[in-house]
Amino acid sequence: QSYRTQQGPSQYNRLFEFSTPYRGSQCQMIVTSVTGHLMELEFCDERHAKWKRCDLIELFDAPIRQRVPDDKRDIERNLEQAARGCHELHLWLHRDRGGG
């Protein structure tokens, strides 16, 4: 089975494309990867960002936001490029104690 590879926005996460049978018909499959954790959580209030500046019990109810750090933006664009025009998107993620 032959495949085509191309460099996406992330230099470390190439895109691999190939044709394969899937659910009774032929489809184009695109496979890529991520490097480490794509998203990170941070407290919305700057006061909570430095834990020593607040009562630690406040952190349990403090609002948080999820974001892609600047050093992972290329990986985010790589996934967006791979998913563009897809009928289905499957993410193969691992589960570990690090939260991945």
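Basis of the calculations
Residues numbered from 1 in each chain as written. Predicted model: local features only at pLDDT ≥ 70, side-chain atom pairs only at ≥ 80, totals over all residues. Heavy atoms only, no water. Pairing = 2+ DSSP bridges. Helix = DSSP H or I, 4+ residues; strand = E, 2+ residues; numbered from the N terminus. Axes fitted to C-alpha atoms, helices over the stretch in contact; angles between N-to-C directions. Phe/Tyr/Trp six-rings, centres within 6.5 Å; stacked < 30°, edge-to-face > 60°. Buried < 20%, exposed > 50% of the residue type's maximum accessible area, 1.4 Å probe, protein only. pLDDT = per-residue confidence, 0-100.

## Some thoughts on the sheet that holds strand β3 (residues 25-31)
Stage number 1. Strand order across the open sheet formed by 3 strands is β1-β2-β3, with antiparallel pairing between neighbours. Edge strands, defined here as strands with exactly one partner in the open sheet, are β1 (4-6) and β3. Each strand of the sheet is rotated relative to its neighbour by a mean of 30 degrees, with strand direction disregarded.

## Some details on the packing of aromatic side chains
Stage number 1. Tallied over the full model, the rule gives 1 aromatic pair.
Stage number 2. When the ring of Tyr-3 is compared with that of Phe-16, the centres are 5.9 Å apart and the planes differ by 55 degrees; the resulting orientation is tilted. Of this pair, Tyr-3 sits in the segment before β1 while Phe-16 sits in strand β2 (residues 15-22), and the two are 13 residues apart along the sequence.
Stage number 3. What makes Tyr-3 exposed here is its relative accessible area of 56%.
Stage number 4. A relative accessible area of 33% places Phe-16 in the partly exposed class.

## Focus on the confidence of the model for the protein
Stage number 1. Chain-level pLDDT for the protein is 85 on average; 92% of the residues reach the 70-or-more range.
Stage number 2. Confidence scores differ between elements of the protein, with helix α1 (residues 46-49) showing the lowest mean pLDDT of 85 and strand β5 (residues 64-67) the highest of 94.

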